[in-house]
Amino acid sequence: MKNKGLGIINLLLASVVGALVALLCVQAGRIGKMRVGRNDWRKLNLVLEAVSENYVDSIDYKTLNADAIESVLSKLDPHSVYMPPQVLDESETELAGNFEGIGIQFNVPNDTAIVIEVIPGGPSEKTGLMAGDRLLKVDTTVIAGVHYPQDSIVRRIKGPAGTKVNLLVRRGGEDIPFEITRGKIPLHSVDAAFMISDTTGYIRLSKFSRTTVNEFAASALELLAAGMRELVFDLRGNSGGFFDQALNLSNLFLPQGADIVYMEGLHRKRESYSANGKGFLKDVELKVLIDDGTASSSEIFAGAMQDNDRGVIVGRRSFGKGLVQEPLYFNDGSGIRLTVSRFYTPSGRCIQKPYTKDYSLDWYHRYEDGELLVADSIKVDTSQVFKTVGGRTVYGGGGIIPDVFVPMDTTRVSNYYMKVSSKATPMRFASAFFDSHKDELSSIEDFPSLLEYLDKASLEPAFLRFALEKDGVPLPGRGEWERTSGYLMPQVRALVGRYSKLGDNAYYHLFLDYDNVVEEALKPHSIEIDNQTMTDHE
């Protein structure tokens, strides 16, 4: 590790690599030449020494170091990156499984932050903060009505455990001050877990954090106790996280000896991982939902399930990140993530997509090429052909291609839908509805009761009236509303339901009413294994 650290530290010496086009070694007023090898960093050392000892003006070493490191890493691959202290801290916090703060979740639908969830047992709940409260001030800083950035609000509220923060909130027509002592707040990676039917469970995972496997296992055990025999596992938008969590999660579903993944790089020997057969979900039927936001550790899991013919992959082609990063930290709080190897699925696939010039715009090209709408438009690298355990053909070189393709649904996006969405009308309506029905919503504790309440709440005319009077959106024509309502109103119901005690479980459960990927996943599907048709219900 010491030699590797020295090699990385030498990257820091690139701080003016873009500023000099020739090697100048200035000593005692003379310009000399020194032989350097092609495979070392001596040239950069010499450049830095020359600049440090001889440059005509003072130098901002901090800025030049950051710029140079970013420049060096940008020549490698898209995922080897430098992170300044604040970025590194936020990234580490997101995956750590907890952070220090007050324990609330809020949205800024207009120009005021509105609390949508108070984390049970957290500092905010203990002091009496409630869902629906509007945040007016953090300490002495006014944050309402002044277009205060949401990320800046988060930074002001967060802080070390044991420190205090003062909030002024508006509840109904009254402004109420709160002094809250910050504490350790758990960050959950399982967004939702519930039963869709008597035998089918649903779990949505947002990331692979330090606590993911424990959270997932606890949720899965509860669903098994409720009668789950089939699981719809939603990895859409999951950009990955810790490798060991993806490995251990895969182990829950696979029989003993089944390959999960292997890693290999120029300076890393091959490391292979397989299941130990002790997982308690080996007999649960599995559907895995993916899309273009499913990446890295999520693709390790999806690839392991697909290559072992363990479950049906449903949705759209995943992101395509098959690289493994190792972190290196510096004593100024910054750090880098350096790609050290590639990971390969059990069949031998590396699903890393090509490093194109416009790598970050890949999603737009997928849309322009029609891939999000038509399965035949998926660009398949036919030179990278592999076989699953059961003999099915799969492809490498560009993400996980689903077994069952589901196109993006654009048929119901009307002009009216676009207008209210651009004004965040559904979110603001939900907040306003909660303000006037707080006691009723706050008392709902189970999903059937929530459905009954929402069915009787006359949300449709109330929403149309709110959009017209508050946002100036004209009423849609009958034909347009018939096309829009079946797509829009489930979203409105989900946003309102989120203010109940069910929180995100209600939100995602109600969202399923218009989710065409989940709808497809709930159907029986057949896959060809060794020239025999096997259904996911056998």
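All figures in this text were calculated on a predicted structure; none of them were measured in a lab.

What to know about helix 9 (residues 297-307)
Here helix 9 lies mainly inside the structure; eleven of its eleven residues are buried. Listing the buried residues of helix 9 in full gives Ser297, Ser298, Glu299, Ile300, Phe301, Ala302, Gly303, Ala304, Met305, Gln306 and Asp307. Looking at the residues trailing helix 9, positive phi occurs at aspartate 309, about 55°.

Describing the pairing of strand 16 (residues 268-274)
Pairing geometry for strand 15 (residues 259-265) and strand 16, over five bridges, is antiparallel. The partner of tyrosine 262 across the bridge, within strand 16, is serine 272. Counted between consecutive antiparallel strands, the loop separating strand 15 from strand 16 contains two residues.

Comments concerning the sheet that holds strand 13 (residues 200-205)
Strand order in the open sheet made by the six strands is 12-13-14-17-18-23, with mixed pairing throughout. Across the chains shown, the open sheet's two edge strands, defined by having one partner strand only, are strand 12 (190-195) and strand 23 (404-405). In this sheet, strand 17 (residues 285-290) lies alongside strand 14 (residues 230-234) in parallel orientation, the contact comprising five bridges. Residue pairing for strand 17: glutamate 230 is matched across the bridge by glutamate 285. Each of strand 14, strand 17 and strand 18 (312-315) is contacted by helix 9, which is oriented at about 135° to strand 17, the strand it contacts most.

As for the packing of helix 15 (residues 459-471) against helix 16 (residues 478-497)
Remark: helix 15 packs on helix 16, axes separated minimally by 11 Å, with the N-to-C direction vectors making an angle of 100°. Overall, the two elements helix 15 and helix 16 adopt an arrangement that is roughly perpendicular. Residues Leu459, Glu460, Phe463 and Leu464 of helix 15 pack against Trp481, Ser485, Leu488, Met489, Val492 and Arg493 of helix 16.

Parameters and conventions
- Residues numbered from 1 in each chain as written.
- Predicted model: local features only at pLDDT ≥ 70, side-chain atom pairs only at ≥ 80, totals over all residues.
- Heavy atoms only, no water.
- Buried < 20%, exposed > 50% of the residue type's maximum accessible area, 1.4 Å probe, protein only.
- Helix = DSSP H or I, 4+ residues; strand = E, 2+ residues; numbered from the N terminus.
- Pairing = 2+ DSSP bridges.
- Contact = heavy atoms within 4.5 Å.
- Axes fitted to C-alpha atoms, helices over the stretch in contact; angles between N-to-C directions.
- Parallel < 35°, antiparallel > 145°, perpendicular 65-115°, else oblique.

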